[in-house]
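Now for the letters of each chain:
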Amino acid sequence: MAFRLSPDLLQPMPSLDAAPTTAPIAPKSPSKELAWSPSDQVFHDAAKTFRVMAAPLRLKIISALCQGEKNVGELLQSIDTTQPNMSQHLHTLHRAGILGRRRDGVQIYYRIVNESVVGMCRAMCVQLAIDAADE
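Residues numbered from 1 in each chain as written. Predicted model: local features only at pLDDT ≥ 70, side-chain atom pairs only at ≥ 80, totals over all residues. Heavy atoms only, no water.

**What about the confidence of the model for the protein?**
In regions of low pLDDT, the predicted coordinates are not meant to be interpreted in detail.
1) Next: Chain-level pLDDT for the protein is 79 on average; 73% of the residues reach the 70-or-more range.
2) Next: The low-confidence segment residues 1-31 (pLDDT under 50) makes 17 contacts with residues lying over four places distant or belonging to another chain. (pLDDT = per-residue confidence, 0-100. Contact = heavy atoms within 4.5 Å.)

Printed below as a string of structure tokens:
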């Protein structure tokens, strides 16, 4: 699977330190506030996903699986780590609902089942590459 980036993804994001260029927009009336307000559970779930994604090896695994499902041996050909370490990270990603797996004989094949995590990783990596190019 090839990465397809939207033009919006390639635009640099404004610095968080920069002063706003426009005044904040106040709600037109108290009854027209946001229809959706994130609950504590949303923040808990987001933090859980970020914890799972915090390991560079897991990001490499997700990147490798963007090209299609692979077994542990195939992943080890492109990612420099030990087989037990790879298996541990695959287990963590599977348990978190990011990867799916299927058995074919003695081999277990892994695939991405949570595309939103892939999009999030892709957006972050693109932005970091843009930031690095600007330095």
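**Description of the sheet that holds strand β1 (residues 70-71)**
1) Next: Overall, antiparallel pairing links the three strands, which are arranged β1-β3-β2 in an open sheet. Single-partner strands in this sheet number two, and they are β1 and β2 (99-104).
2) Next: Looking at chain direction, β1 and strand β3 (residues 107-112) are connected through two bridges and run antiparallel. From the neighbouring strand, Lys70 faces β3, where its bridge partner is Tyr110.
3) Next: Seen against the sheet, helix α4 (residues 83-95) touches β2 and β3 and runs at an angle of roughly 120 degrees to β2. (Pairing = 2+ DSSP bridges. Helix = DSSP H or I, 4+ residues; strand = E, 2+ residues; numbered from the N terminus. Axes fitted to C-alpha atoms, helices over the stretch in contact; angles between N-to-C directions.)

**Observations regarding the environment of His94**
1) Next: With respect to the helices, strands and loops of the structure, His94 is situated in helix α4.
2) Next: Spatially, the C-alpha atoms of His94 and Tyr110 are 8.5 Å apart, while their sequence positions differ by 16 residues.
3) Next: When near neighbours in sequence (up to four residues on either side) are disregarded, His94 contacts Leu99, Gly100 and Arg101.

**Some words on the pairing of β2**
1) Next: Pairing between β2 and β3: six bridges, direction antiparallel. Directly across from Asp104, in β3, lies its bridge partner Gln107.
2) Next: Where β2 folds back on β3, the antiparallel hairpin that results is connected by two residues, among which Gly105 adopts a positive phi of roughly 70 degrees.

**Brief notes about the nonpolar core**
1) Next: Ranked by internal contacts, the top residues of the largest apolar core, which has 21 residues, are Met53, Ile61, Ile62, Leu90, Leu93, Ile98 and Leu99.
2) Next: Put simply, the parts of the chain that give this core at least two residues each are α1 (40-53), α2 (56-65), α3 (72-78), α4, β3 and α5 (115-134).
3) Next: No other element matches α2, which puts five residues into this core.
4) Next: Look past the residues within four positions of Ile62 in its chain and what remains in contact with it is Met53, Leu93, Ile98, Ile112, Val117, Val118 and Cys121. (Core = buried A, V, L, I, M, F, W, Y, C linked by side-chain atoms within 4.5 Å. Buried < 20%, exposed > 50% of the residue type's maximum accessible area, 1.4 Å probe, protein only.)

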